[in-house]
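Observations on the model geometry
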Amino acid sequence: MIDLSEKTAVITGAAQGIGLAITEKLAMNNAAVIIVDINKKLIDQRVEMLTSRGLNAAGYQADVTKSDQIEDIFKEISSTRGNIDILINNAGITRDGLLMKMKEEDWDLVLAINLKGTFICTQKVSRYMLKQRSGVIINIASVVGIMGNAGQANYAASKGGIIALTKSTAREFASRNIRVNAVAPGFIETEMTSILSEEVIKKYAEAIPLKRMGKPEDVADLCLFLASDLAKYITGQTIQVDGGLIM
Amino acid sequence: MDITAKVKEIIVEELGVEESEVTMEANFIEDLGADSLDTVELIMKFEEEFDIDIADEDAEKLVTVGKAIEYLKSKIN
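Residues numbered from 1 in each chain as written. Chains lettered and ligands numbered in written order. Predicted model: local features only at pLDDT ≥ 70, side-chain atom pairs only at ≥ 80, totals over all residues. Heavy atoms only, no water.

1. Brief notes about the pattern of salt bridges
Two side chains with opposite charge may pair up if their charged atoms get near one another. Worth spelling out the cut-off: The salt bridge definition used is simple: a Lys or Arg side-chain nitrogen within 4 Å of an Asp or Glu carboxyl oxygen.
With the rule as written, the count across this model stands at 17 salt bridges over all chains. Between Asp 63 of chain A and Lys 66 of chain A there is a salt bridge whose closest N-O contact spans 3.3 Å. Linked through salt bridges whose partners overlap, the residues forming this network are Arg 133 and Arg 176 of chain A together with Asp 35, Asp 38 and Glu 41 of chain B.

Okay, here's the thing in structure tokens:
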């Protein structure tokens, strides 16, 4: 049994999709969860939804690319709750398009939120985790960051960057008992993939050995494991949840 | 404020060393067992405690207790 009671988990981009599934999963296993998202209305709805089920949840609105906002949030969480045990860097966006026609602003925005946002949140939480001499950081990457994907040069670069950032962070923080791992989802049914046509989804599903798209909960289950002491000897790894899509 | 005493107190707390070890000549890494993360944390603690900014190129030079105290006194006064 995994029991995260007495643990505080901060999840970015937690108001929907995979981030929300992770948040629910950690909360259902007794963690105090803190939703960080850009969408204030959705934050309030999700916190209400979780607390009405008797779960321990709170939320903060912030932009992960703004280091002063993130710094303030961690300062407040630390002073009100003590330890910050788990950080899930999940906030991410896509701005797809073929490289030849990709606008620089779409490149910059995707890299800023996905990769720089992960760096900023990691840097700002590190002073607390280093002092605690314990902590778990889970970065949400993507199989696209490993295999590349036509039409997603910016997204693939950001996710590949997250994998390399994960390894460097794991090496820097290992001596302080802080584990850092990346999770690389394959094709998961979320708002992000809902824009794909049925035909495209069917084609993708056929290429997946387990013959289906993944569910956000599939990713959340892995995050729960990595956040728990069951994963105490695992750091610096990128673990795929992709139904066997790439091996 | 007695800067020397405050600095020594911070070093004792951050590095978990005995006060008697924190001599002016003590080198953070060689004598007080600090690693690279400890030295970064120590500098951040000085910045926070004394409400100053310590540039990276200055921080690199603060290898002993004495050098840190001397630097902080010059910055604060």
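2. So, the packing of helix α4 (residues 104-132) of chain A against helix α2 (residues 36-50) of chain B
Keep this limit in mind: Only the contacting stretch of a helix is used when fitting its axis, a line to C-alpha atoms as for every element, and angles between N-to-C directions run 0 to 180 degrees. Put simply, DSSP H or I for four residues or longer makes a helix, DSSP E for two residues or longer makes a strand, and each gets a number counted from the N terminus. Oblique is the label for any angle not under 35 degrees, not over 145, and not in the 65 to 115 range, which are roughly parallel, roughly antiparallel and roughly perpendicular in turn. Here a crossing is called left-handed whenever its near helix is offset anticlockwise from the far helix by less than a right angle, and right-handed whenever the offset is clockwise. When checking whether two residues touch, look at their non-hydrogen atoms; a contact exists if any pair is within 4.5 Å. Three categories are distinguished: nonpolar for Ala, Val, Leu, Ile, Met, Phe, Trp, Tyr, Cys and Pro, charged for Asp, Glu, Lys and Arg, and polar for the others, with Gly belonging to the last.
Axis separation between α4 of chain A and α2 of chain B bottoms out at 12 Å; the angle between their running directions is 115°. Considered as vectors, α4 of chain A and α2 of chain B are oriented roughly perpendicular to each other. The chirality of how α4 of chain A crosses α2 of chain B is left-handed. Contact residues: α4 of chain A offers Arg 127, Leu 130 and Lys 131 of chain A, while α2 of chain B offers Leu 37, Glu 41, Met 44, Lys 45 and Glu 48 of chain B. Classifying every residue of the contact of α4 of chain A with α2 of chain B gives three nonpolar, no polar and five charged.

3. Focus: the packing of aromatic side chains
Residue and element names in this part refer to chain A. Spelled out, the test is: Stacked, tilted and edge-to-face pairs are distinguished by plane angle, under 30 degrees for stacked and over 60 for edge-to-face with tilted covering the rest, among Phe, Tyr and Trp rings (Trp via its six-membered ring) whose centres lie within 6.5 Å. Any residue under 20% of the maximum accessible area for its type is buried, any over 50% is exposed, and the rest in between are partly exposed; the area is computed with a 1.4 Å probe on protein chains only.
Per the counting criterion, the structure on display carries one aromatic pair over all chains. Ring centres 3.9 Å apart and planes at 15° place the aromatic pair Phe 187 and Tyr 204 in the stacked group. Taken together, the residues span a long stretch of sequence, with Phe 187 in the loop between β6 (178-185) and α7 (198-207) and Tyr 204 in helix α7 at a distance of 17 residues. Judged by its relative accessible area of 10%, Phe 187 is buried.

4. Quick look at α4 of chain A
Residues and elements named next belong to chain A. What counts here: In a helix, the anticipated span is given by 1.5 Å times the number of residues less one. Bend is computed residue by residue as the angle between axes fitted to the seven residues ending at the residue and the seven residues starting at it.
For α4, which comprises 29 residues, the first-to-last C-alpha distance of 40 Å matches the rise-based estimate of 42 Å (1.5 Å per residue) to within 8%. A bend of about 40° at Ser 126 is the largest found in α4. The first or second residue beyond α4 is Arg 133, which carries a positive phi of 65°.

5. Thoughts on the interface of chain B and chain A
Cut-off, in case you're wondering: Buried area, as used here, totals the accessible surface that two parts lose on assembly, with accessibility defined by a 1.4 Å probe and the loss added over both. Two N or O atoms count as a polar contact when they lie within 3.5 Å, although within protein this holds only if one can serve as hydrogen donor and the other as acceptor, and sequence-adjacent residues are included solely when both atoms are side-chain atoms.
Listed per partner, the contact involves eight residues of chain B and seven residues of chain A. Three residues, Leu 37, Glu 41 and Met 44 of chain B, lead the burial of chain B against chain A; their summed loss comes to 65% of the area buried on that side. On the surface where chain B and chain A come into contact, there are six salt bridges. The salt bridge partner of Asp 38 of chain B is Arg 176 of chain A, with a shortest N-O separation of 2.7 Å. Joining chain B to chain A, the criterion identifies four residue pairs in polar contact (both at pLDDT 80 or more). Looking at the side of chain B that touches chain A element by element, the count peaks at six residues for α2 of chain B. Classifying every residue of the side of chain B that touches chain A by side-chain character gives two nonpolar, no polar and six charged.

6. What to know about the state of the cysteines
Inclusion rule: The rule for a disulfide is simple: a pair of cysteine sulfur atoms within 2.5 Å.
Across all of its chains, the model carries zero disulfides over all chains by this definition. Looking at the unpaired Cys 121 of chain A, the closest cysteine sulfur is the one in Cys 223 of chain A, lying at 15 Å.

7. Thoughts on empty space enclosed by the protein
All names here are of chain A. Put simply, the rule is: A 1.4 Å probe that fits into a set of points on a 1 Å grid over the protein atoms alone but cannot get out defines a cavity; an open set with protein on both sides within 12 Å along at least five of seven lines defines a pocket, and lining residues are those with an atom within 4 Å of a point. Grid points are joined across faces, edges and corners, and a volume is the space filled by probe spheres set on the points.
Scanning the entire structure with this criterion turns up one cavity of 30 Å³ or more. In this structure, the largest cavity spans a volume of roughly 30 Å³. Together, Thr 12, Val 64, Asn 89, Asn 90, Ala 91, Ile 113, Gly 117, Thr 118 and Cys 121 line the largest cavity. Considering each element in turn, the lining of the largest cavity owes the most residues, four residues, to α4.

8. Some points on helix α6 (residues 153-173) of chain A
A rise of 1.5 Å per residue sets the reference length of α6 of chain A, with its 21 residues, at 30 Å; its end C-alpha atoms lie 30 Å apart and thus fit the reference within 8%. Within the sequence span of α6 of chain A, burial applies to Asn 154, Tyr 155, Ala 156, Ser 158, Lys 159, Ile 162, Ile 163, Leu 165, Thr 166, Thr 169, Ala 170 and Phe 173 of chain A.

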